[in-house]
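Structural overview
The primary structure of each chain is shown beneath.
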Amino acid sequence: MTETGDWIDTRAKGLASALARFGSIGFWVQLVFLIIVVLLGVYTLTIGGGGAKLANILSSIVWVIPVFTTFWCRRYASIGRAWSEDQSVPTPSGLARTIWIGVWAGAIGSLASLLSLFGAASALLVTMLANPQIGLQISPATGSTATYTVSAIDAVSIMSLLLTLTAELIVVAISLRLVFILARATRRDDLA
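Residues numbered from 1 in each chain as written. Predicted model: local features only at pLDDT ≥ 70, side-chain atom pairs only at ≥ 80, totals over all residues. Heavy atoms only, no water.

Let's shift gears to helix α3 (residues 64-84). Between the first and last C-alpha of α3 there are 31 Å, a value that for 21 residues agrees with the 30 Å anticipated at 1.5 Å per step. Residues of α3 that are buried include every one of Pro 66, Thr 69, Thr 70, Trp 72, Cys 73, Tyr 76, Ala 77, Ile 79, Gly 80, Ala 82 and Trp 83, and no others. In the segment just after α3, Asp 86 is the residue with positive phi, at about 55°. (Helix = DSSP H or I, 4+ residues; strand = E, 2+ residues; numbered from the N terminus. Expected span 1.5 Å × (residues − 1). Buried < 20%, exposed > 50% of the residue type's maximum accessible area, 1.4 Å probe, protein only.)

Put into C-alpha cells, the structure is as follows:
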C-alpha cells in the first residue's frame with residue numbers, strides 16, 4: 001500500500017477539514033494580533049518620541065516569529081482546502097513534518113516572547129524599586145532629576161509582548177491538535 005493509501009477516508013476528510021478550519025482560525029487571529037503589535041511598535045518608535053529604550057525596541061522585533069507562524073497557519077488552511085477538493089493528497093510523513101514545524105515555530109516564538117516579557121517586567125520592577133515606595137510621582141520629563149522613569153512606552157512594550165505570546169500559544173495549541181488528529185487518522189491498528 002502506498003503512503004497516501006494509508007489514510008482512512010472518513011478520518012482523512014476530517015483531517016482536511018480540521019486543517020482548513022484551524023489554519024484559517026490561526027491565520028486570522030494572529031493577523032489581528034500582529035496588526036495591533038505593529039501599530040503599538042510604530043507608536044513606540046515614532047509617536048512616542050525618543051523614550052524607547054533597547055528593551056522596548058527588542059520587544060517590537062520579537063514579532064518576526066509570529067509573522068512566520070501566521071503564514072504557516074495559512075499553509076495549513078491551503079493544504080486542507082486543496083485536500084478537501086481532491087487537488088492534492090499530502091503524504092502522512094509530509095503532513096506530520098509540516099505540522100511539527102508549526103509546533104516548534106510556535107514554541108520558539110512563545111519562548112522568545114516570554115524571555116522578552118521577563119526582561120521588560122524586570123526593567124519595570126527595577127525602575128519602580130528605585131523610586132520612593134510611597135508611589136511614583138507624575139511629573140513632566142523636563143527638568144526632572146530622576147534617573148529612572150516609567151512611561152507609557154513601557155506599558156506598550158509589555159502589551160505587545162503579551163499579544164505576541166498569546167498568538168504563539170494559539171499556534172502551538174492548534175498545531176498540537178492537528179498532530180493529535182493526524183495521529184488518529186494514520187493509526188494502523190484501525191486498518192485491520
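Moving on: the side chain of Ser 110. The topology assignment puts Ser 110 in helix α4 (residues 92-130). On the basis of relative accessible area, Ser 110 is assigned to the buried category, the value being 7%. Beyond its immediate chain neighbours, meaning those up to four positions away, Ser 110 contacts Leu 165, Glu 168, Leu 169 and Val 172. (Contact = heavy atoms within 4.5 Å.)

On to the environment of Pro 90, then. Tracing the sequence through the fold places Pro 90 in the loop between α3 and α4. For the pair Pro 90 and Ala 16, spaced 74 residues apart in the sequence, the C-alpha separation amounts to 9.7 Å.

The final tally for this structure, using the stated rule, is three aromatic pairs. Between Phe 27 and Trp 28, the ring centres sit 5.0 Å apart and the planes meet at 80°, which makes this aromatic pair edge-to-face. Taking the relative accessible area as the measure of exposure, Phe 27 reaches 7% and is therefore buried. Given a relative accessible area of 52%, Trp 28 falls into the exposed group. Relative to Trp 72, the ring of Phe 68 has its centre 5.2 Å away and its plane inclined at 25°; by these criteria the two rings are stacked. Of this pair, Phe 68 and Trp 72 are both found in helix α3, four residues apart, which corresponds to roughly one turn of the helix. Taken together through their ring pairs, the aromatic side chains of Phe 27, Trp 28 and Phe 71 make up a single cluster. Across the ring face of Phe 22, the terminal group of Arg 21 is positioned such that the distance to the ring centre comes to 5.1 Å. A cation over a ring is seen here: Arg 74 above Phe 27, with NZ or CZ 4.9 Å from the ring centre. (Phe/Tyr/Trp six-rings, centres within 6.5 Å; stacked < 30°, edge-to-face > 60°. Lys NZ or Arg CZ within 6 Å of the ring centre and 35° of its normal.)

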